[in-house]
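Observations on chain architecture
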Amino acid sequence: MAFPETRLRRLRKTELLRDMIRETHVSLDDLIMPLFVCPGTDVKIPISSMPGNFQLSVNLLVEECKSLWAMGIRSVLLFGIPESKDEHGHVACVADGIVQKAMRAIKAELPDMMLVADVCNCEYTTHGHCGTIVDGDVHNDLTLETLAKQSVSLAESGADVIAPSDMMDGRVAMIREALDDNGFYNIPIMAYSAKYASAFYGPFREAAESAPQFGNRATYQMDPANSNEALREIAEDLMEGADFVMVKPALSYLDVIRRAKDNYNIPIVAYNVSGEFSMVKAAAANGWIDEDRIIKEILTSIKRAGADIIITYHAPQMAAILKKEQQ
Ligand code: PBG
């Protein structure tokens, strides 16, 4: 059957019909909100390139988590801005590290909040690279040692999920073994599997004070031109024991998300990164777009592409949008 018997507009005729045949829904259960924690008390430093986001000291971070929880956002991803940095990122591997402290404080007030710990060295090294430098480049196997230590320390401080974002080869296996050896066999690994060397991370590097001091991340993060390679990265992480796999950034990589979903039967996470967020904010501030509609469309498209879970700075606004719709 074809036109005129077939008329696809029939099913768009009323709002009720459109609601009924809608294929993709974004729910607050799908969203993870990233937060930045810094030293001090009562510190709230605006991140100028990411309007509405702040570096928060532990006490204010706990308040922020309470407000997210009240809105229905029950998962957060934590990044730390440490008091001091060192060559290897050892400051991230100790019980009184900034994220460790933050997690204990959140758990004391909100024991059920899901704490995802980003595991990487770039916020903790003096040079801003994601691992230990040897001969001008990040040394893979030496970096695995600090990543494993950092992961165990974070698990000891209350992390519910360990999320390595460093892109070293073999990190998932190394972290899995270290977690298991320390009794954390029930803590899942959310691997940043297909993480691209992307200009969309620009605002984040201001937020986390983690810009590389020389060179770039192209020897460890992926070339934006590749998607077959993304499937190899995912396959490798699954063999090493990843429980979730991630594609990052999201919007310029919706095809990669779809290929991941079609090829692997595992929860797919998409990271709607800082640059994607800030572009929306900037356009909205200029009155060029309808911010709420754009946010909903973006998050819906990431799910439609195949993501089960979305890490997004838009999470609180999406909560407000969904609430408004229910009224
Ligand atoms: C750490 C890390 C980065 C992001 C998440 N974890 C930055 C980077 O790789 O340079 C980016 C997140 C964002 O842009 O929102 N390696």
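Below is a summary of the structure that appears in this document. Remember, it's a predicted structure, so these values are computed and weren't measured experimentally. (Residues numbered from 1 in each chain as written. Predicted model: local features only at pLDDT ≥ 70, side-chain atom pairs only at ≥ 80, totals over all residues. Heavy atoms only, no water.)

So, the overall build of the protein
If you tally the helices and strands in the protein, you get eleven helices and twelve strands. Relative to the globule expectation of 20 Å for 327 residues, the C-alpha radius of gyration of the protein, 20 Å, shows essentially globular dimensions. Expressed as a percentage of the 327 residues in the protein, the buried residues total 52%. Taking as baseline every contact in the protein between residues at least 6 positions apart, the subset at least 24 positions apart corresponds to 73%. A total of about 15,000 Å² of accessible surface is found on the protein, and carbon and sulfur atoms cover 52% of it. (Helix = DSSP H or I, 4+ residues; strand = E, 2+ residues; numbered from the N terminus. Rg over C-alpha atoms; globule rule 2.2 N^0.38 Å. Buried < 20%, exposed > 50% of the residue type's maximum accessible area, 1.4 Å probe, protein only. Contact = heavy atoms within 4.5 Å. Areas by Shrake-Rupley, 256 points an atom, 1.4 Å probe, with all protein chains shown as cover.)

Comments concerning empty space enclosed by the protein
One pass over the structure, following the stated rule, counts one cavity of 30 Å³ or more. Looking at the largest cavity, its volume works out to about 140 Å³. Lining the largest cavity are 19 residues, with Cys122, Lys195, Tyr201, Phe204 and Lys248 sitting closest to its centre. Every element with two or more residues in the lining of the largest cavity is listed here: β9 (190-195) and α6 (202-207). A breakdown of the residues in the lining of the largest cavity according to their chemical character gives nine nonpolar, four polar and six charged. (1 Å grid on protein atoms, 1.4 Å probe; cavity = no way out; pocket = protein on both sides within 12 Å on 5 of 7 lines; lining within 4 Å. Points joined across faces, edges and corners; volume = space filled by probe spheres on them. Nonpolar A, V, L, I, M, F, W, Y, C, P; charged D, E, K, R; others polar.)

Comments concerning the site of the ligand
Inspection of the region around the ligand gives 18 residues, with Lys195, Arg205, Lys248, Ser274 and Tyr313 positioned closest. Contact distances for the ligand include 2.7 Å between an oxygen atom and a side-chain N or O atom of Lys195. Residue Tyr313 places a side-chain N or O atom 2.6 Å away from an oxygen atom belonging to the ligand. Protein contact buries 100% of the 400 Å² of open area that the ligand shows by itself. A molecule is said to occupy a pocket when more than half its atoms come within 2 Å of that pocket's grid points, and by this definition the ligand occupies the largest cavity. When its residues are assigned to classes, the shell around the ligand shows ten nonpolar, three polar and five charged. (Near = heavy atom within 4 Å. Polar contact = N/O pair within 3.5 Å; in protein donor to acceptor, adjacent residues only side chain to side chain. Sits in = over half its atoms within 2 Å of the grid points.)

Points about unusual backbone geometry
Cis geometry is adopted by the peptide bond preceding Pro4, which originates at Phe3 and carries an omega value of 10 degrees. With an omega of -10 degrees, the peptide bond between Lys248 and Pro249 qualifies as cis. Examined against the element boundaries, Pro249 turns out to sit in the loop between β10 (244-248) and α8 (254-263). For Asp135, which is not glycine, the phi dihedral falls at a positive 50 degrees.

As for the side chain of Gln55
In this fold, Gln55 is placed in strand β3 (residues 54-57). Not counting the four nearest positions on each side in its chain, Gln55 is found in contact with Phe36, Cys38, Val43, Lys44, Ile45, Ile47, Ile81, Glu206, Ala207 and Glu209.

Description of helix α2 (residues 58-71)
For α2, spanning 14 residues, the distance from its first C-alpha to its last is 20 Å, which sits close to the expected 20 Å at 1.5 Å a residue. As for α2, its buried residues are in contact with β1 (31-38), β3, β4 (75-80), α3 (98-109) and α11 (315-326). Within two residues after α2, Gly72 carries a phi angle of roughly 100 degrees, on the positive side. (Expected span 1.5 Å × (residues − 1).)

Quick notes on the layout of surface pockets
What the largest pocket holds in volume is close to 570 Å³. Along the wall of the largest pocket there are 15 residues; nearest its centre are Arg22, Thr24, His25, Lys296 and Thr300.

With respect to the pattern of salt bridges
Within the structure shown, the criterion is met by 15 salt bridges. In this structure, Asp19 engages Arg22 in a salt bridge whose closest nitrogen and oxygen atoms are separated by 3.1 Å. Residue Asp29 pairs with Arg74 through a salt bridge whose shortest N-O separation is 2.8 Å. Of this pair, Asp29 sits in the loop between α1 (15-21) and β1 while Arg74 is found in the loop between α2 and β4, placing the two residues 45 residues apart along the sequence. Among the charged side chains, a network of salt bridges with common partners joins Glu63, Lys66 and Glu109. (Salt bridge = Lys/Arg side-chain N within 4 Å of Asp/Glu carboxyl O.)

Examining the environment of Glu240
By the secondary structure assignment, Glu240 is in helix α7 (residues 228-240). Assessed through its relative accessible area of 13%, Glu240 is described here as buried. Setting aside chain neighbours within four positions, we find Glu240 in contact with Gly170, Arg171, Val172, Ala173 and Arg176.

Observations concerning the nonpolar core
Formed by 80 residues in total, the largest nonpolar core has its most connected members in Val76, Ile106, Ile162, Ile257 and Ile302. The element best represented in this core is helix α4 (residues 140-156), accounting for six residues. In this view, Ile162 contacts Ala117, Val119, Ser151, Leu154, Ala155, Ile175, Leu179, Ile187, Pro188, Ile189 and Met190; residues no more than four positions away in its chain are not counted. Residues Met50, Ala163, Phe244 and Tyr313 belong to the second largest nonpolar core, which totals 26 residues. (Core = buried A, V, L, I, M, F, W, Y, C linked by side-chain atoms within 4.5 Å.)

As for the environment of Leu238
Topologically, Leu238 is positioned in helix α7. With residues up to four places along the chain from it excluded, the contact list for Leu238 reads Val245, Tyr264 and Ile266.

Details of a negative patch on the surface
On the surface, a cluster of negative charge is made up of Asp141, Glu145, Asp169 and Glu236. With respect to the secondary-structure elements, Asp169 resides in the loop between β8 (161-164) and α5 (171-181). (Patch = residues over 30% accessible without salt bridge, like charges linked within 9 Å, V, L, I, M, F, W, Y side chains within 5 Å. Lys, Arg positive; Asp, Glu negative; His and termini not counted. Charge placed at Lys NZ, Arg CZ, Asp CG, Glu CD.)

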